[in-house]
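Observations on the three-dimensional arrangement
One-letter residues, chain by chain:
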Amino acid sequence: MILPHLRITLFALLSAAANAFADEAVYVPGEVLVKYKEGTSDVDREGFEKKEKLTLIVLIKSVKVRLYRLPEGVTVDDAIKAFSSLQIIEYAEPNFIRKPQAFNDPRYNEQWYLHNSGQEVNGMVGPAGVDIRWPEAMGIFTGTKDVVVAVVDSGVAVTHRELLPNTWFNLPEVDGSPGVDDDGNGRIDDRYGYDFFDNDTSPFDENFHGTLVASVIAAQGNNALGVVGVCPRAKVMAIRIFSQFGESQLPSFGKASDLAQSLEYARLSNARIVNLSLGGGGFSLLELSMVRALRDEGILVIASAGNDRADNDQQLFYPASYDSANIIAVAAQDRSGGLASFSNFGRTQVDIAAPGTEILGADVSREVIYAADFRANAAGWTTGAHPGNLSSKVWTLLSDGKLADNPTGTSYDPNSNTYVTSPRIAFGATGSRLSFEAAYSLWDDRVEVSISVDGLPWERLETIEGFSFGKRAFALDLARFDGRVGYIRFTLISNGFVQGSGIQISTFTVKSIKVLNPDNPEFNFNEGTSFSAPMVSGVAALIMSQRPDIHAAAVRNAILSTARPVQALAGKVVTGGMLDAEAALKYAMALPTPPVFTSQPTPRSAAVGQSVTFSAGIASPVTPTYQWYRNGVAIPGATSATLSLSNVQASSAGSYSVVVANAGGFVRSSEAALTVLTGPQGWLSNLSVRTSLDANQPLIVGLVVKGGSKGLLIRAAGPALSAFGVPDVMSDPRLTIYNGGVQVATNDNWPSTLASTFQSVGAFSFPNGSFDSAILRTTVGSETVHVLGGSPGVVLVEAYDTSSNGLARLSNVSARNRVSAGAGVLIAGFTVSGTGPANLLIRGIGPALSTFGVSNVLRNPQIRAYDSAGRQVASNDDWLPQQSSTFAATGAFALPAGSLDAALAVQVPPGSYTIHVSGSDGGTGEALVEIYEIP
């Protein structure tokens with residue numbers, strides 16, 4: 001990163017020769033690859049291994065090739081000769097070391113930081129081997145995933161031949177309609193990034209900084225041109241937040257708000273890495289929150305440590321010093337491998353070092369649009385005076401090549417208002433800039449620099465005023481006038497008091513960014529932690545291309561865990577070492593697949609004193625670790641796959657989530673709310689289903705008890721319904737109860753001993769000796785109730801809560817039967833007891849039953865809910881997508897998108913209710929009615 005107050009010399013370009021790697025065969029000593037012939041038995045193979053004292057390193061299963069370690073003293077050549085002659089061996093060969101083919105990028109040899117043989121670069125030499133081991137990494141790199149790296153900087157020269165092939169393009173906008181926000185991100189026509197400095201969609205580099213950073217990461221390789229980037233599979237997303245220049249001709253810092261918007265843009269645009277070769281003092285919660293938002297999305301942030309020669313442990317430098325697990329803070333190394341003289345450091349605040357001096361990369365050079373040679377003449381410059389001027393002196397040329405406000409060098413006159421105007425200037429296409437030098441002596445007076453373009457009124461660019469003395473170089477940003485024509489004017493305005501000797505202008509130049517010549521693109525050297533950070537970004541992109549499945553945290557760990565120790569960096573950075581691309585890539589290649597959620601924690605509600613359990617389903621190739629959180633704060637000791645809260649209190653309410661991790665990365669669950677019920681509440685105390693059955697047609701009713709065991713009275717009423725005027729009742733229903741497919745209870749004719757129980761729960765009585773059925777039992781979890789009769793008729797199945805255990809809940813009933821028009825309605829009932837309302841999910845399922853193999857389903861069910869007075873209190877024809885979370889919270893199975901099933905979530909006060917399920921179009925078919933207590 002280049003800080004404004006640190007002046008960096010731009011070294012001259014050197015001529016270069018193409019690098020070539022040796023073509024000689026190199027292989028790993030003491031190792032040999034063997035493939036056995038088809039049909040070789042395990043006995044023969046194991047006998048051969050034992051005889052030759054071979055140690056199996058790895059079996060490459062897909063091709064059935066084994067890599068062996070040879071015993072001490074046996075050479076690779078000797079082993080191959082001996083093994084190749086055996087009948088069981090198809091072939092034996094060395095374990096060759098593979099290197100990339102010779103890069104034909106003519107300036108690759110000057111990229112010492114990639115491969116350092118001790119070569120002289122830009123007039124500097126250093127010890128061989130001080131590099132990031134890039135050729136070695138490329139020798140094992142087989143990645144195919146294009147990794148998007150957001151370069152938040154001064155912009156990027158995306159038309160540079162080294163960068164255009166690896167530029168990220170926003171395809172919805174590229175393929176969309178001009179003037180339309182095709183991707184819906186709030187930015188219209190942002191085809192390859194965004195300019196947050198000028199707030200437009202052209203993040204073109206008007207400096208050089210971002211272009212060099214981008215080329216370090218992703219300059220195209222093997223294109224017979226210039227340099228090569230660290231990652232050939234990276235796509236650079238250009239994001240501009242800097243002006244075209246700052247002090248020392250380097251980018252001035254952007255604002256925290258621009259940086260935050262840039263990070264958000266990168267997040268929404270699916271960048272996996274963000275390179276921040278920038279920074280400064282001042283802690284910003286906005287920046288920190290955005291960095292952590294990227295962390296939660298699995299996005300890595302690579303940040304420069306700074307160029308102040310400072311200890312970041314003593315004075316924090318942001319964003320590198322933000323406390324977020326997705327940041328890597330990078331210091332700069334020189335050719336010796338030690339800390340560069342300008343680089344910040346920090347035993348705890350700076351993670352790793354990477355080369356940062358004599359860094360060669362793509363450049364955006366400037367060309368002179370106009371220059372005034374005041375030493376010879378000033379053709380086209382005109383002088384004049386504004387109204388109110390009382391001076392007789394005019395602007396003129398001096399013999400030493402300066403433009404002055406008076407010819408004698410004596411004091412200017414009082415009450416002056418004179419000016420000099422340039423000839424017509426056509427400003428450049430991109431990044432126009434005015435520069436000049438001024439020597440001046442002003443006594444409470446001023447000189448104004450103004451511009452007029454396209455015939456518009458004059459606009460002031462700069463003012464030198466007050467009691468001013470000295471000599472200064474000025475550089476003024478004219479980029480907003482790109483592509484236009486106009487004039488520059490200097491005006492001296494004095495008062496009637498003491499006068500100074502005035503002002504002299506020299507080296508007046510207007511420049512702009514060159515239109516890049518594709519046959520002769522620009523390159524240049526620079527240095528700073530700005531160019532160390534993209535080395536790390538490039539290696540991170542290599543890893544993510546090779547292992548797109550692993551998490552950013554695992555990528556960070558691979559880079560930092562494999563830092564190559566350097567004595568000069570001990571105590572200067574956390575790792576005590578430098579970036580090692582090969583070691584980091586090997587480390588990442590061996591990591592397991594990260595955990596994956598198969599189910600998320602679901603919302604829960606509980607009364608004070610009850611217990612609640614949160615859980616999540618996980619698939620992981622190795623045993624993962626767990627950490628549960630409440631409201632984002634880790635719960636001490638909550639490191640199991642489930643989180644059980646006993647004796648819930650009001651203070652237990654909040655949002656619960658879990659982070660599951662293995663060496664390949666971590667996943668964070670969605671948040672599940674725990675609602676603690678502290679006021680009056682209701683509960684289901686009675687569930688019932690009424691329908692009509694054919695002879696020997698079974699009715700199956702499901703019951704669920706949650707939170708413990710509960711005493712239930714379960715009844716099948718047929719003959720007893722006649723007393724209520726119900727016609728065609730089932731004459732002799734039989735009741736059987738199953739738990740997990742095992743029969744646990746049965747009754748044909750109810751025992752009279754249960755009459756008192758009927759009375760205690762408020763159930764209507766059965767006539768003495770009737771053929772109705774009833775069972776009293778204690779239920780835990782899910783049970784199914786089967787009702788069967790030898791004759792057709794109407795039957796009512798009921799479940800009553802008889803238990804005093806307030807922690808257990810009768811939470812669900814379901815029943816399936818054929819629905820027809822008229823009396824063929826499927827009816828379910830329930831009673832809410834207590835002093836408060838109950839939250840219930842009620843569903844009428846028809847089309848969704850097809851996914852379970854049920855035929856002849858009710859095509860379009862509707863549900864209606866009635867209170868005990870027969871008033872309709874709720875209804876639904878087709879369920880709503882936003883109800884999906886409620887389904888998950890209750891444990892109800894999901895419904896296909898757009899299905900015509902019915903569902904409603906209601907809150908009802910204590911009382912008795914009935915649910916009618918029928919065909920909204922009068923249709924017939926199989927239907928399922930369900931009532932759930934919403935937790």
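These remarks concern the structure in this document. (Residues numbered from 1 in each chain as written. Predicted model: local features only at pLDDT ≥ 70, side-chain atom pairs only at ≥ 80, totals over all residues. Heavy atoms only, no water.)

1. Re the overall build of the chain
Just so we agree on the cut-off: Only runs of H or I of at least four residues qualify as helices and only runs of E of at least two qualify as strands under DSSP, and these elements are numbered from the N terminus. To get the radius of gyration, use the C-alpha atoms; to get the globule rule, take the number of residues to the power 0.38 and multiply by 2.2 Å. Buried residues are those whose accessible area, probed at 1.4 Å on protein chains only, stays under 20% of the maximum for their type, while exposed residues exceed 50% and partly exposed ones sit between those limits. Two residues form a contact once any of their heavy atoms are found within 4.5 Å. A 1.4 Å probe and the Shrake-Rupley method give the accessible areas. Residues count as covered only by the protein chains that appear here.
Of regular secondary structure, the chain possesses 12 helices and 49 strands. Taking 30 Å as the expected radius of gyration for a compact globule of 935 residues, we find that the chain reaches 40 Å, considerably beyond that expectation. Principal-axis analysis of the C-alpha atoms places the extent of the chain at approximately 130 × 95 × 50 Å. Put simply, the chain has 935 residues, and 53% of those count as buried. Here the analysis covers contacts within the chain between residues at least 6 apart in sequence; of these, 77% occur between residues at least 24 apart. Accessible area of the chain: about 39000 Å², with a carbon and sulfur share of 51%.

2. A look at the nonpolar core
Stated formally: Working definition of a nonpolar core: buried Ala, Val, Leu, Ile, Met, Phe, Trp, Tyr and Cys residues. They are joined through side-chain atoms within 4.5 Å.
Residues I543 and I559 are the most contacted members of the largest nonpolar core, which totals 73 residues. Ranked by residue count, the leading element in this core is helix α8 (residues 533–546), at nine residues. Those residues in contact with I559 that lie beyond four places of it in its chain are I328, I352, V536, V539, A540, I543, L579 and A584. Formed by 47 residues, the second largest nonpolar core is a distinct cluster that contains L703, I737, L810 and A838.

3. Some points on the pairing of strand β41 (residues 793–801)
This is how it is decided: Pairing between strands is defined by DSSP: at least two bridges between them are needed.
Counting buried positions over the nine residues of β41 gives nine, a clear majority of the element. Of the strand pairs in this sheet, strand β36 (residues 682–693) and β41 are connected by eight bridges, and their pairing is antiparallel. Paired with N686 across the bridge in β41 is Y800. The sheet contact formed by strand β37 (residues 699–717) and β41 spans six bridges and is antiparallel. From the neighbouring strand, A717 faces β41, where its bridge partner is L796.

4. A word on the packing of aromatic side chains
Filter applied, for reference: Each Phe, Tyr or Trp ring, with Trp reduced to its six-membered ring, pairs with another whose centre is within 6.5 Å; inter-plane angles below 30 degrees give stacked pairs, above 60 give edge-to-face pairs, and intermediate values give tilted ones. Each ring is checked for a lysine NZ or an arginine CZ that lies within 6 Å of its centre and within 35 degrees of its normal; such an atom marks a charge sitting over the ring.
Under the defined criterion, the tally for this structure stands at 23 aromatic pairs. Judged by centre distance (5.1 Å) and plane angle (85°), the rings of W381 and F508 are edge-to-face. With W381 in the loop between β13 (366–372) and β14 (382–385) and F508 in strand β22 (residues 502–513), the pair connects residues that are 127 residues apart, well separated along the chain. Considering the side-chain rings of F724 and F764, the 5.0 Å spacing of their centres and the 75° angle between planes classify their relative orientation as edge-to-face. Of this pair, F724 sits in the loop between β37 and β38 (733–739) while F764 sits in the loop between α11 (755–761) and β40 (773–789); the two residues are 40 residues apart in sequence, bridging distant segments of the chain. On the basis of relative accessibility, which here comes to 54%, the residue F724 falls in the exposed class. An aromatic cluster of three or more residues is present, and its members are Y370, W381, W395, F436, F474, F490 and F508. Lying across the ring of F345, K572 places its NZ or CZ 4.5 Å from the centre. The side chain of R715 reaches across the aromatic face of F758, ending 4.5 Å from its centre.

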